[in-house]
Amino acid sequence: MSRIGRLPISVPAGVEVKIDGSLVSVKGPKGALTHNVPNPIAVALEDGTLTVSRPNDERDSRALHGLTRTLISNLITGVTEGYEKKLEIVGTGYRVQAKGSDLEFALGYSHPVAVKAPEGITLTVEGPTKLSVSGINKQQVGEVAANIRKLRKPDPYKGKGIRYAGEVIRRKVGKAGK
């Protein structure tokens, strides 16, 4: 059995879970999310805990077992606590400022770079060089944060650019370093 897949998922108070065939709907204080469970995997709700099971030990079933359990667990965490990714900007003159719900970056280009907040995502500026991306969908939060980081990736020589908070950039030695 999958070590992750066989773990039960506890449903906290205030979270409503509905299973309609292969569609799992989770509704909580922060919002509602749904997930379509792949075919061989079964999800059951029994007195406040969700269990994910597979019918056989085929390769596809084993692969989907732990994945499905983790995705459903992420839905429950998302509607109760939410997800947040923090980013920081390093570089002289590099900064970010809020323009309504959107962001405007100065990243050393000849023009400011504007980023629109997708639906369900909140972009917060915590300082001229710090921002956070938050929402209830873990995949969407990670994707938006990665797209913002992609605007100016951290440079391996000087370390300038947009990076995740706490990310360590592997530095390279320049031309003069022999």
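You'll find the structure just up there.
Throughout, residues of each chain are indexed from 1 in the direction in which the sequence is written. Given that this is a predicted model, residues contribute local features only at a pLDDT of at least 70 and side-chain atom pairs are listed and counted only at 80 or more, while totals for whole chains, interfaces and linings are drawn from all residues. Excluding hydrogens and water, the side-chain figures rest on all heavy atoms present in the structure.

Asks: How should I be thinking about the sheet that holds strand β6 (residues 49-53) in this particular structure?
Replies: Backbone hydrogen bonds hold the strands of a sheet together, and the pairing may be parallel or antiparallel. Here the rule is simple: two strands pair whenever DSSP picks up at least two bridges between them. What counts as a helix is a DSSP run of H or I of at least four residues, what counts as a strand is a run of E of at least two, and both are numbered from the N terminus. Taken together, the three strands give an open sheet; going across it, the order is β1-β6-β5, and neighbouring strands pair in antiparallel fashion. Of all strands in the sheet, those bounded by a partner on one side alone are β1 (9-10) and β5 (42-46). Strand direction decides the pairing type here: β1 and β6, joined by two bridges, are antiparallel. For I9, the partnering residue across the bridge sits in β6 and is L50. Whether two residues touch is decided by their heavy atoms; if any such pair falls within 4.5 Å, the residues are in contact. Note on definitions: angles span 0 to 180 degrees between N-to-C directions of axes, and those axes are lines fitted to C-alpha atoms, for helices only across the stretch in contact. On top of the sheet, helix α1 (residues 59-80) reaches β1, β5 and β6; it is set at about 155 degrees to β6, its chief contact.

Asks: Looking at this model, I keep getting lost on the pairing of strand β2 (residues 16-20). Mind explaining?
Replies: On a regular strand, one side chain projects to one face of the sheet and the next to the other, so that they alternate. Judged from the five bridges that link them, β2 and strand β3 (residues 23-28) form a sheet pairing that is antiparallel. Bridging across to β3, D20 finds its partner in L23. Hairpin connection of β2 to β3: two residues between the antiparallel strands, including G21 at a positive phi of 70 degrees.

Asks: Whenever I open this one, the pattern of salt bridges confuses me. Can you help?
Replies: Side-chain pairs of opposite charge can arise where the charged atoms are in close proximity. Take a side-chain nitrogen of Lys or Arg and a carboxyl oxygen of Asp or Glu: if they are within 4 Å of each other, that pair is a salt bridge. A full pass over the atoms with the stated rule returns seven salt bridges. Linking D57 and R54 is a salt bridge whose minimum nitrogen-to-oxygen distance equals 2.9 Å. Burial here depends on accessible area, computed with a 1.4 Å probe over protein chains only, as a share of the maximum for the residue type. Under 20% is buried, over 50% is exposed, and the range in between is partly exposed. On the basis of relative accessibility, which here comes to 13%, the residue R54 falls in the buried class. For D102, the salt bridge is made with K116, and the minimal N-O distance between the two is 3.6 Å. In this pair, D102 is assigned in strand β9 (residues 102-106) and K116 in the loop between β10 (113-115) and β11 (121-127), connecting sequence segments 14 residues apart. Classification of K116 by relative accessible area gives exposed; the value is 66%. Several salt bridges share partner residues, and in doing so they unite E84, K86 and E126 into one network.

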